[in-house]
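Single-letter residue listing:
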Amino acid sequence: MMDRRRSSTPGAADAPLRQIAPVMQRTITGAASLGNRLAVDWSPLCGLVATGSNSMVVVTDPLTLQTLQVLETHRSTVIRVMWARSPTSKHPADRLTLASSDATGHIVIWNAKSGETKAILQDGPKAVTELAWCDGRYENTGHLLAALHPPFALVLWDTSTGSAVWRKTYTETLQGFDFDPFDASRLAFRCLECVLFVDDFNPAKPPQGAGRKFYVLGPARNSPNRGSVDSSTPAGTPMGAPPEDKGKTRRTRIKKIMKDLVMGEFQPQGSSSLTLSDCVQVLYHRSVRNHLLLVYPREVLILDLDIGQTVGLVSIDRTSTPILQVYPCRHRDAMYILSESGTLSLRVRKRLYGVSSTPIEPIRNMSKAVSTSSIASVNTVDTASDNFTLDNVLEIFYEQKAHSDCIRLQKHAKILGMALDNIRENSVTIFTSDGRLILVDIAQSNQASGKVIVYSLPDLIPPTLSMQTGDLMGLKLFTRGIVSGLCLPAFHIRMCPPLTMKNLSEYVPYMAIGGQNGNIQLTNMSTGRIERDFAVHTYPVRGLEWTSLNTVLSHAHQNLLSSTSSNSLVRNELIHTDVRTGKTQALRSHRSEEPAIEMLRVSHLKQYFIVAFQGAPFELWDLRTMTLLRTMPKKFPAITALDWSPLHNLKSLKRKMNAVEEKENKRDTDSDHAKDENGSKPTEKASSNSSIVAKEHFVFTDPEGQLYHFSVEGNAIRDGTRVPAESSLGTITCIAWKSDHIVRGDSDGNINVWDVKTRTSRNIATNRGPIKKMRLAPGRGNLKLLILNPDSVSIWEMKECELINELRTPKDMVKVMDIDWAASDRPVLATVDGCLRVMGLALASASSAMYEYNVDESAACHALLPNKERANFQILLHHQPWRSIFSLDFTSADGFNENSLAFVKEQIGFIRQDVRSQLEDPTTPTALRGLLASQMSGMKWEADFWRLALSNLKPGDFSLVDTNFDLALDAESFLRFHLEKISLHQSRCSTHAQKKRVVDLMLCLNQKEEAIRLLLDTEPDSPNYYEDSLKACLVATTSAAQKDTPHSTTKLVATNLIAEGKLWEGVQLLCLIDKVVDACNYLQSCGQWDASLWLAKCRLSGHPDLAKVAGKYCEHLLAKDLKKQAILVYLSLKDFVSTLDCLVNAKMIGLAAQFLQACQEMKLLPDTSHMMVLNEEISLAYARHLFDTGNAEGAFYYCDRADEKGEILRRELEMLANSKKLTVPLESLEDVDKSDEDFKN
């Protein structure tokens, strides 16, 4: 099979020729627009970064820092891009499925690998401002895409069919939304004046209700106290004794920052409202349940949805630029904050921070049912807060641990957004409007050696639940690399001299680009990478020409203030640049005010060049010596177009010179022999070919249309023939000469082809307006002509005078500014949006499949493998029990074909050496190897599974899990976290309703003493004083009662309360008499499944009934197709057999086999008949799976582990292998692209 990345050039058969990479159809992008703000995303599945660049989508490899694909179907500005989050067989492109939306309401679903458009979705003409893929928490929903169609609609699209599943319309103006990472049925909308919460999201049907509106209230502008919905209390009325002076600063700060979240259909009156129109983002915290982040330009509010109040604030310095974007981390309670200046900072949560209490007015609490994360107690106080008392108010504090430098931006450039590596969370890419991608990594600086060692974020920061603080002083954010784009438009382009046999050894297909900033960029048209960027001019580049394969001549000028319209004098810059070294030579530097340089033309043999001025005679220069040969007289005709002839007499001169040299050499040889006999030294003679000066010709036209022919030899210019003007032609605007044909284009859109030999001409009317530029294609005998008109680009065949293809602008493409040829069949268009589009002769597309592009090095993306080989590669990374030694040195015997094996070896080369050593270490546990391999393979949920598995397989080691695991945490950590959280809630109680709620939760957690103290704190003049006092007595009575004392009356009352709909009142009574299991059962029967598991984990730790409650909870999750969540809960309970059962039922056969091996290594599985059957079932299914991926050796190994059924299966597989007829792969392994043959190196 031919390798499409390389093509050989014909030549002599006796010497191997250098292979030149062909130029493929592609788009090389430049600056983005401000409309692309936040259009950046990092794929968790394939590890690639997608950005919006004007109307295009750019795919970049963040590891090798190269652009892999540019997708172009949108006709307007791209607003959002979003990679698929969960692999599924229904994806149009599996792991390389990408969605993008634009300003006209179109959503395009891409196959980023092939560059094809799979679906175009639209629901109205307005911009789609938010996209979110279903993350697979519901089974088989990874192909569903939620899109926000302003101003009122949320649409769930099925990307596999291109149709809408459902459409929901709301009454509020929707600006954005975010899914709750802890509850798949919840999402929050950012509206114009409020936050709208939806609690019944379901992929199968639209939400039924209108959602719940919440308004954010802030402090009154003229009052030191917080705002209140209740206007009966004066704004300045204090509610406590005056605090001490030492707490004044901290009190003032709390009064200013704390805000409330109030529920209601209408915005409350009589209080200061913090409008959400200034809010940049509303998003859920990824690490803490029921925490909502409101991002404002100067601060980030952390809202606790359980109590409806701000529990923390992250503010920036007054001297800092406003916040552009916040990205909360998932594996640690931390967040990245990006400012508009490009400064990136990492904030990490500290333990609860105590501040002196402040006078607080009564506020209105949001009325909602008790949620699972609201249960906590004030029994335990953070030991780090030494000043904590019950008179203190606690707040969540995020401390800045790392800070990057500001990004140097070009004039008028802006920061557009950032994206976070969702798997490791230690890398961030920053996107700028000048087209750059800046890769920033966080690492820990080793002070001893001075080296920077890069880890994943969980390895750098200890868990929030950990009692260890860790050393976070050495964290550092550093720039790892920058991916640059083209310079700002409009720019001028010129392709290097074409490939010949003489320059074959050093030829590189460079395109020189002169930009508005005075720089000259060299772009390799084969790889699409910008390899050189020279700061040459101080003014915008006006034109450039190649003077050799390694040198460029360019000109620029600046208009002088003293110049008038009639006398437009400028200061010209004419500079010769060596692109190998960057060395420049300024020509004509002594000139000051003169007419602007209009054009540069270099002769075919690179002996001369002409500098033409606007309204002034041109200059003839010697290119070899860089000296001025002649300035034409003022009476010389004005020039409108000029070109050099490819015809010359160099070959005849060389033949004559060679004949003369042969005679001289023969005569000199005879004399040298004579001198040798006499002992004299022979004379040396230099070759005279270097001193040959050939005669060259050029033609130009004057304003009347006459064609002048001149010849140049040495410093002499001789007048030749003069061709009268064609009556049918207007003013000639451009001219091109190749072979025996001179092509002229005029201001009326006509083309004239003059045959020098026959002295005949033909006229072609393009009817497209003035011809601005013409370029003849390279290659002998190739007379294809590329023409640029004001509103079109066309390709003509000059031999037949036929139109090949035409492109209209801006109907088919944005306006084209310049044209050239990158190869004989590859026209290049420089467009007004700052891009270079390399197209085919059809002028239809400027993109190719990823595997067709030539790149400097392979992309660090194993998802580019065909699906079968990719699955095999992931398996081999995780475990290799059929081998005696784990090794990453793969061969074709491992199930890879020749092309795939080469690519796999390149992927192995991207693995860090220390990580590879740990993978290949025989002592590395299977669970740890699975975690590392899952992170490298982009398997997000599998990585979470192995984190939790490592914590439960290794007793007492919970350093890998944090609050993001929530209900899957171990009971001890779960209880400790919620005890800390309830202390925060207690400190924020400002109304009796809030205090009552906190007391109720304390009673559920058996924190009776604290509940009694809080009840007795009620003021005697309060209308709730009598009720609270009786409740305190009841709690005290139940606490003093003996355990064996019957509580039949209490249980009866609790049952009646639950029957009357007062669920939590009855649950509290049951918890008071230690009937926790009954309380959990009642919660489950009433549909409060999360709350039941919460209560069981907090009160039944170490009790066998915990497994029963959790088992019912997992059965409920399985019934709702939340299999992944059920697996994690079983794993947290260390019920490894049930975990394996769920993995098999969920068809996660590979993960089941790997986890089975991990459990067997630790000897944690029981020796039961069910376990034996399960082992056999996993072995048989995994053997088929391995065989489908091409790994026959692994398949036979697992067949041998399945006893008799395994022997039968092995014989079947051996027959198939011997006959070379593999079984049909599983549905999850079907290649949805074309076939494995599409894959190339």
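The notes below deal with the structure included here. Predicted model, so just to flag it, every value in this text is computed and none were measured. (Residues numbered from 1 in each chain as written. Predicted model: local features only at pLDDT ≥ 70, side-chain atom pairs only at ≥ 80, totals over all residues. Heavy atoms only, no water.)

So, the overall build of the chain
Part 1: Counting secondary structure elements, the chain contains 23 helices and 61 strands.
Part 2: Burial analysis of the chain (1241 residues in total) assigns 56% to the buried set.
Part 3: A separation of at least 24 residues holds for 58% of the contacts in the chain among residues at least 6 apart in sequence.
Part 4: For the chain, the computed accessible surface area is about 52400 Å², with 50% contributed by carbon and sulfur atoms. (Helix = DSSP H or I, 4+ residues; strand = E, 2+ residues; numbered from the N terminus. Buried < 20%, exposed > 50% of the residue type's maximum accessible area, 1.4 Å probe, protein only. Contact = heavy atoms within 4.5 Å. Areas by Shrake-Rupley, 256 points an atom, 1.4 Å probe, with all protein chains shown as cover.)

Comments concerning the pattern of salt bridges
Part 1: One pass over the full model with this rule turns up 49 salt bridges.
Part 2: Where Asp 421 meets Arg 424, a salt bridge forms, and the shortest distance between an N and an O atom there is 3.6 Å.
Part 3: The closest approach of N and O atoms between Arg 494 and Asp 820, which form a salt bridge, is 3.1 Å. Within this pair, whereas Arg 494 is found in strand β34 (residues 492-495), its partner Asp 820 is found in strand β59 (residues 816-823), the two being separated by 326 residues in sequence.
Part 4: The class for Asp 820 is buried, based on a relative accessible area of 4%.
Part 5: Here the salt bridges share partners, and the residues they tie into one network are Asp 180, Arg 186, Asp 199 and Arg 212. (Salt bridge = Lys/Arg side-chain N within 4 Å of Asp/Glu carboxyl O.)

Observations concerning the nonpolar core
Part 1: Core analysis: the biggest nonpolar cluster contains 141 residues, and Phe 945, Leu 1095 and Phe 1155 have the highest contact counts within it.
Part 2: Apart from residues lying up to four places away in sequence, Leu 1095 is in contact with Cys 1004, Val 1067, Cys 1071, Val 1076, Ala 1079, Cys 1080, Leu 1083 and Leu 1100.
Part 3: Judged by nonpolar contacts, the second largest core, of 31 residues, contains Leu 486, Ile 513, Phe 534 and Val 552. (Core = buried A, V, L, I, M, F, W, Y, C linked by side-chain atoms within 4.5 Å.)

Brief notes about the sheet that holds strand β52 (residues 741-746)
Part 1: Strand order in the open sheet formed by four strands is β51-β52-β53-β54, with antiparallel pairing between adjacent strands. Among the strands making up the open sheet, the edge pair consists of β51 (732-738) and β54 (760-765). Within the sheet, the average angular offset between the axes of one strand and its neighbour, ignoring direction, is 15°.
Part 2: As judged from the six bridges shared by β51 and β52, these two strands associate in the antiparallel manner. Across the sheet, Lys 738 pairs through a bridge with His 741, a residue of β52. (Pairing = 2+ DSSP bridges. Axes fitted to C-alpha atoms, helices over the stretch in contact; angles between N-to-C directions.)

As for the sheet that holds β59
Part 1: Overall, antiparallel pairing links the four strands, which are arranged β1-β61-β60-β59 in an open sheet. In the strand order of this sheet, the two ends are held by β1 (26-28) and β59, each with one partner. Each adjacent strand pair in this sheet contributes to an overall mean axis angle of 20°, direction not counted.
Part 2: As paired elements, strand β60 (residues 826-831) and strand β61 (residues 836-838) share three bridges and run antiparallel to each other. Within β61, the position partnered with Ala 830 by the bridge is Leu 836.

Looking at the pairing of β59
Part 1: Burial within β59 is extensive, with six of its eight residues counted as buried.
Part 2: As paired strands, β59 and β60 are joined by six bridges and run antiparallel to one another. Directly across from Asp 818, in β60, lies its bridge partner Ala 830.
Part 3: As consecutive antiparallel partners, β59 and β60 are separated by two residues.

Remarks on the packing of aromatic side chains
Part 1: In the structure shown here, the tally under the stated rule is 28 aromatic pairs.
Part 2: Relative to Trp 644, the ring of Tyr 608 lies with its centre 6.2 Å away and its plane at 15°, an arrangement referred to as stacked. In this pair, Tyr 608 is assigned in strand β44 (residues 608-613) and Trp 644 in strand β47 (residues 641-644), connecting sequence segments 36 residues apart.
Part 3: Taking the relative accessible area as the measure of exposure, Tyr 608 reaches 2% and is therefore buried.
Part 4: Taken together, a centroid distance of 5.5 Å and an interplanar angle of 40° make the contact between Phe 636 and Phe 700 tilted. Of this pair, Phe 636 sits in the loop between β46 (627-631) and β47 while Phe 700 sits in strand β48 (residues 696-701), and the two are 64 residues apart along the sequence. The pair formed by Phe 636 and Phe 700 is uniform in burial state, with each residue classed as buried.
Part 5: Each member of the aromatic cluster is reached from another via a ring pair, and the members are Tyr 608, Phe 618, Phe 636, Trp 644, Phe 698, Phe 700, Tyr 708 and Phe 710.
Part 6: In this arrangement the basic side chain of Lys 168 is found over the ring face of Tyr 170, its NZ or CZ atom lying 5.6 Å from the centre.
Part 7: If you follow Arg 929 out to its NZ or CZ, it ends over the ring of Phe 886, 4.3 Å from the centre. (Phe/Tyr/Trp six-rings, centres within 6.5 Å; stacked < 30°, edge-to-face > 60°. Lys NZ or Arg CZ within 6 Å of the ring centre and 35° of its normal.)

Observations regarding the packing of helix α9 (residues 971-987) against helix α10 (residues 992-1004)
Part 1: It is at 9 Å that the axes of α9 and α10 come closest, and there the two elements cross at 155°. With respect to α10, the axis of α9 lies roughly antiparallel. Crossing geometry of α9 relative to α10 is assigned as left-handed. Counted together, Ile 982, His 985 and Gln 986 of α9 and Val 998, Leu 1001 and Met 1002 of α10 form the full contact between these two elements.
Part 2: The class makeup of the residues in the contact of α9 with α10 is four nonpolar, two polar and no charged. (Parallel < 35°, antiparallel > 145°, perpendicular 65-115°, else oblique. Left-handed = near helix turned anticlockwise from the far one by under 90°. Nonpolar A, V, L, I, M, F, W, Y, C, P; charged D, E, K, R; others polar.)

Quick notes on unusual backbone geometry
Part 1: Of note, the amide linkage connecting Pro 489 to Ala 490 takes the cis form, showing an omega dihedral of -5°.
Part 2: Within the secondary structure layout, Ala 490 lies in the loop between β33 (475-483) and β34.
Part 3: Each neighbour pair has its own omega, and for Thr 809 with Pro 810 the value is 5°, a cis peptide bond.
Part 4: Looking at the secondary structure, you find Pro 810 in the loop between β58 (802-808) and β59.
Part 5: Of note in the backbone geometry, Leu 65 takes a positive phi value of approximately 60° without being a glycine.

Considering the side chain of Asp 304
Part 1: One can find Asp 304 in strand β21 (residues 299-304).
Part 2: Buried charge without a salt bridge: Asp 304, with Lys 981 as the nearest opposite-charge side chain at an N-O distance of 4.3 Å.
Part 3: A polar atom in the side chain of Asp 304 sits 3.4 Å from the side chain of His 291.
Part 4: Sequence-distant contacts of Asp 304, that is, excluding residues within four places in its chain, are made with Asn 290, His 291, Gln 309, Val 311, Lys 981 and His 985. (Lys, Arg positive; Asp, Glu negative; His and termini not counted. Polar contact = N/O pair within 3.5 Å; in protein donor to acceptor, adjacent residues only side chain to side chain.)

Quick look at the environment of Asn 763
Part 1: Mapped onto the elements of the fold, Asn 763 is located in strand β54.
Part 2: The exposure class of Asn 763 is partly exposed, given its relative accessible area of 39%.
Part 3: Measuring from C-alpha to C-alpha, the distance between Asn 763 and Arg 744 comes to 9.4 Å, with 19 residues separating the pair along the chain.
Part 4: When near neighbours in sequence (up to four residues on either side) are disregarded, Asn 763 contacts Glu 726, Ser 728, Leu 729, Ile 751 and Asn 752.
Part 5: A distance of 2.5 Å separates a polar atom in the side chain of Asn 763 from a polar atom in the side chain of Asn 752.

A few points about helix α22 (residues 1192-1200)
Part 1: Along α22, the residues that are buried comprise Gly 1194, Ala 1195, Phe 1196, Tyr 1198 and Cys 1199.
Part 2: In this structure, the buried side of α22 is in contact with α20 (1149-1162), α21 (1169-1188) and α23 (1203-1218).

Topic: the environment of Val 165
Part 1: In this structure, Val 165 sits in strand β13 (residues 163-169).
Part 2: For Val 165, a relative accessible area of 35% corresponds to the partly exposed category.
Part 3: When the C-alpha positions of Val 165 and Leu 145 are compared, they lie 9.6 Å apart, and in sequence the two are 20 residues distant.
Part 4: Once residues within four sequence positions are removed from consideration, Val 165 is found in contact with Leu 144, Leu 156, Trp 157, Asp 158 and Pro 203.

Observations regarding the pairing of strand β16 (residues 195-198)
Working note: regular strand, side chains alternate between the two faces of the sheet.
Part 1: A two-sided burial pattern is seen for β16, the buried positions comprising Val 195 and Phe 197 on one face and Leu 196 and Val 198 on the other.
Part 2: Bridging between strand β15 (residues 187-191) and β16 involves four bridges; their strand directions are antiparallel. Each bridged residue has a counterpart across the sheet, and for Arg 190 the counterpart in β16 is Val 195.
Part 3: Here β15 folds back onto β16 in antiparallel fashion, the turn holding three residues.

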